[in-house]
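A closer look at the structure
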Amino acid sequence: MKKSATIVQLKKEGRLILTEFESKKFLKRMGIPVVETRLANTQKEAVLLSRKIGFPVALKISSPEITHKTDSGGVRLSLNNMKEVKSAYHEITEGVLKQYPNASIQGVSVQKMAKPGTEVIVGTSKDPQFGPVIMFGLGGIFVEVLKDVSFRIIPLSRKDALEMIEEIKGYPLLQGYRGKESVDIPALTEIILKISRVMEEHPEIKELELNPIIAYKKGALAVDARIILEEKASL
Amino acid sequence: MPHRNPERSDLNAFFDPRSIAVIGSLKEGFFGGYVVIKSLLNAGFKGEIFPVNPSYKEIWGLKVYPSIKDVPQKIDLVLIITGARSVPGILRECIEKGVKAAIVVSDGFAERDEEGKRLQVEIVLIARQGNLRIIGPNTAGVANPSKGVIPNPYEMGYKKVKEGAIAICAQTGMINPQAFPYGDLGYGVSKICDFGNKADVDECDIMEYLENDPATKAIALYLESIKDGQRFLKVSKKVTSKKPVLILKSGRTEQGAHISASHTGSLAQDDRIFDAACRQSGVIRLNTFRELFELPKIFAYQPLPKGNRLGIITFTGAVGVLAIDEGAKYGLSVPLLSPGTRKKLDAIFPGLGKRIVDIGPPMAVVNDYMSIYSEILNTVTVDPCIDSILNVIWTGPSGEFMEEYLKIYRGLQGNRKPIASWVYGPRVHYVNEMTCQLEDMGFPVFPDIEMAIKALGKASQYAKTKGGNR
C-alpha cells in the first residue's frame, strides 16, 4: 500500500480533514487533473505566485479549522492584477483572523481561475454493506435540488464508469445541446476510474469529493477538492 | 465467530438428501412435523424418513425415535420444528451424529428480541464449529420436486410441485408450496428455498449452488437485505455470466428498510447502492412480487434473443401500439418486416404486411382462418429482421381454436427466437386452460401485455450484458 506523506503528517497532527490545498496536492500526485494551486505565506509571495500562474487568479484561505471558506470570507475570485491580489490577501487574512483568532493558518492558496465550462461532481463514500462507492452528477442545482446522480460500487470497469455518466438525467447537457459543444466524456471517465483506484489503494480515505470538476470540450479540471480520513485508519 | 469455509457452498444435502430426520411436534394439524412427513410421502420422497419425538411410537406408518441419537442409520438432513430455546442442544446432538445440514423451521430468533438474537448467534457458532450448515431459522424450508423433497411444514392442499427449470428463493415463506399453487401451474420449478433469517446459508451460497445445478435455468430471488455486499457483487457477476439472476428487493423506501431490518433482523441499506450493484453484476432487478414468478419464465423456457427487434402479432392495433410504447422502456424496437415477409403476408391477406401484424381483419372475413394463422405465425417467426415475438391469442366464447393453436405451437417447439404470448378472451376458464397447456409445452404466457413485453425486454438486455459490464 502506497503511503502518502500528507496523510502520514495529518495523522500525526490528529487531523481527519485535509485542507483543499492538501487534497489537491494529493490528488495531483494520483494523476487527477487539478487546477494549478500554490500556497503563499506572505502578501509578497501571493503576488509573485499570481504572476507566475497568470491572471486571473483566485485566493483562498488554507486552514484545517476553516472548512467553509466562502462563509468565513476566506475566498476572493477573479483577481485580474497585482493590486487586486494585494488587497485580497490583506482582506482575507484580516477577516479570518478576526473571526477565527485561534485558527492555525497554513497560508493563502493562489489558484488559476478555471475557464467556465460544464460543472460536474465526483464523490466517494463508504457503504456499510458494499464498501467504497462512487457518485457522479452534474454540479450545482442538479445535484443539490434534483439529486440527479448515479452510483457504482468500487472497483469499477471502464464500461461501468462510462455508464454512470450516461445514466444521469442531465446527460444530454454533457453531450452538447443548442449549439453548445459536447464535453470531454473520456476525460471524465478517466477521472472516475482514477478516483476508483485511489479509493482501492487508500482504504484510510473515508470520503472524497471533487466539487466542482469543470469539463471542457477537451479535458476536465478539478477546481475544489476535499478528503476526509477514516477515524481508525491504520497507517 | 469462526469464518465460513468458502469452499463449502455445496448445499446438496438440503436438496437431495437420502435420509431426513424430522425433529419436533407430530401432533395432527396444519403445521409441524406431522405435515412435513405427510408432504414428503405425498411428493414421493424415496429416501428414509426418521421422525424424532419422545412422546410418539409411530406416525404415518413410520417408527418414531425418542432422540436423534437413537436413529440407527446415517442422517443427511434434519428439520427442526421445536421451541427456539431447545435448538442449540438439538444441533449439538446432530453434530455428534454426523449430520451436515439442518433446516431450522423454529422462529423466535433474531426477528423476535434480544434473547432471540443471542440464540441465533449461538446456533451459528455451534454450526460453524461442527461443520454443519443451517437454513433458517424462521423458515418454511426447501423443495426439490424432482426428488420428491418437499418437507413442507405447512399443509399445502396438493401433493406434487411441478418439476421445471426455475429456482425461486426468498427471505420469506411466501414462495413455498403452501402459499403458491405450484400444483396447478403450467410451468415448473427446480428448487424452492426460504432462507428465513439467513443466519448461515444466504443468497450468495444459494446462487453458487444453483449456478452448478443442471436443473436450474433461471434464478429468482426475493431479498430484504444483502449479507455481504462485496461477496454479493463477486458471486452474482460470476453466476449471471452463466444463468440469469432476477432479484426483487424490498426496503426501497426509508420506512420499508427500517421495518425490514426489524422483521428479519438484518441491516438497512441505501436502495441506490443496491441498484448500482445490480447494474454492475448483470442482475435483473424486479419491481413486483408477481414479476418474481412471471419474468423468469422467458429465461427458463425460451432461447435468448439475438437483438432488440420485436415482432408483434395481434388481434387489434391497440394492443400493438401499447406493446410498442411498453417495449421502448426496455430498448425494444418494432422494425419494418423484411420485404420478403411483407410480400408473403400481403399475399395471405391484403394489407397484412405491416409493422404490427394485425390478424383481426382477416379473421373477420376468412373462412378457413386457422390455416392462414399458422402461415402468418410461421412467416413472422422466421423473418430475419425480428429477434423476438409477442403473440396475442384469443380464445373464443366456447374455447374456439384451442386445439389448432396448440398444434401450431407444437410446430414452433425448438424455435430459435423467444416467443412471449398473451392469452385473452371472454371466458376465464378457456384463458386459463390455454395458458396452462401452452406453458406445459414450454411457451410462457404472461398475465398482461406489459409483463410479456417486459419479459422480452429484460431478455434482450440480459443477452447483451450477460455477466455484468466487463
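Analysis parameters
Residues numbered from 1 in each chain as written. Chains lettered and ligands numbered in written order. Predicted model: local features only at pLDDT ≥ 70, side-chain atom pairs only at ≥ 80, totals over all residues. Heavy atoms only, no water. Helix = DSSP H or I, 4+ residues; strand = E, 2+ residues; numbered from the N terminus. Expected span 1.5 Å × (residues − 1). Contact = heavy atoms within 4.5 Å. Domains from an automatic or database assignment. Buried area = accessible area lost by both parts, 1.4 Å probe. Salt bridge = Lys/Arg side-chain N within 4 Å of Asp/Glu carboxyl O. Polar contact = N/O pair within 3.5 Å; in protein donor to acceptor, adjacent residues only side chain to side chain. Buried < 20%, exposed > 50% of the residue type's maximum accessible area, 1.4 Å probe, protein only. Patch = residues over 30% accessible without salt bridge, like charges linked within 9 Å, V, L, I, M, F, W, Y side chains within 5 Å. Areas by Shrake-Rupley, 256 points an atom, 1.4 Å probe, with all protein chains shown as cover. Pairing = 2+ DSSP bridges. Axes fitted to C-alpha atoms, helices over the stretch in contact; angles between N-to-C directions. Phe/Tyr/Trp six-rings, centres within 6.5 Å; stacked < 30°, edge-to-face > 60°.

Along its 13 residues, helix 14 (residues 369-381) of chain B runs 18 Å from first to last C-alpha, staying within 8% of the 18 Å computed at 1.5 Å per residue. Considering only its buried residues, helix 14 of chain B is in contact with strand 14 (310-314), helix 12 (339-348), strand 15 (356-358), helix 13 (360-365), strand 16 (388-394) and helix 15 (402-412) of chain B.

Before going further, it helps to spend a moment on the domain arrangement of chain B. Residues and elements named next belong to chain B. Parsing chain B into structural domains produces domain 1 (12-299) and domain 2 (303-465). Computed over C-alpha atoms, the centres of domain 1 and domain 2 are 38 Å apart. Tallying the contact residues gives 21 residues for domain 1 and 18 residues for domain 2. Summed over both sides, the interface between domain 1 and domain 2 buries roughly 1500 Å², with carbon and sulfur atoms accounting for 66% of that surface. Linking domain 1 to domain 2 there are 3 salt bridges. Where domain 1 meets domain 2, there are 6 residue pairs in polar contact (both at pLDDT 80 or more).

Before going further, it helps to examine unusual backbone geometry. In this structure, A:P56 follows A:F55 across a cis peptide bond, with omega equal to -5°. With respect to the helices and strands, the residue A:P56 is situated in the loop between helix 3 (43-53) and strand 3 (57-62). Positioned with a positive phi, B:F401 is a non-glycine residue whose angle comes to about 65°. Here B:F401 is to be found in the loop between strand 16 and helix 15. For B:F401, a relative accessible area of 23% gives the class partly exposed.

At the junction of the two partners, chain A supplies 19 residues and chain B supplies 20 residues. Seen at the junction of chain A and chain B, the total is 1 salt bridge. Close ionic contact of A:E167 with B:R279 constitutes a salt bridge, the shortest N to O distance being 3.5 Å. Our count for the chain A to chain B interface comes out at 3 residue pairs in polar contact (both at pLDDT 80 or more). Of all the secondary structure elements, the ones that give two or more residues to the side of chain A that touches chain B are strand 7 (131-138), strand 8 (149-153) and helix 6 (158-167) of chain A.

What follows deals with a nonpolar patch on the surface. All names here are of chain A. Nonpolar side chains collect at one region of the surface, where I141, V145 and L146 lie side by side and expose about 310 Å² of accessible area between them. Looking at the element boundaries, I141 is found in helix 5 (residues 141-144). Judged by its relative accessible area of 52%, I141 falls in the exposed class.

Our focus in this paragraph is the sheet that holds strand 17 (residues 419-424) of chain B. All names here are of chain B. Read from one edge of the open sheet, 4 strands run 15-14-16-17, paired in parallel fashion. Two strands close off the open sheet at either side, each with one partner strand: strand 15 and strand 17. Pairwise comparison of adjacent strand axes, ignoring direction, gives a mean angle of 15° for this sheet. The pairing of strand 14 with strand 15 spans 3 bridges and is parallel. Counted as the bridge partner of I312 is I356 from strand 15. With respect to the sheet, helix 14 is in contact with strand 14, strand 15 and strand 16, its orientation differing from that of strand 16 by roughly 165°.

Bringing the packing of aromatic side chains into the picture now. Residue and element names in this part refer to chain B. A full pass over the atoms with the stated rule returns 18 aromatic pairs over all chains. Aromatic pair F180 and Y182: ring centres 5.2 Å apart, planes at 55°, arrangement tilted. We note that F180, like Y182, is buried. Aromatic side chains F315 and Y424 sit 6.3 Å apart centroid to centroid with 75° between the ring planes, which places their arrangement in the edge-to-face category. A residue pair is termed long-range when its members are at least 10 positions apart, and F315 in the loop between strand 14 and helix 11 (317-329) and Y424 in strand 17 qualify at 109 residues. Each residue in the set F180, Y182, F289 and F293 is aromatic and connected to the rest through ring pairs, giving one cluster.

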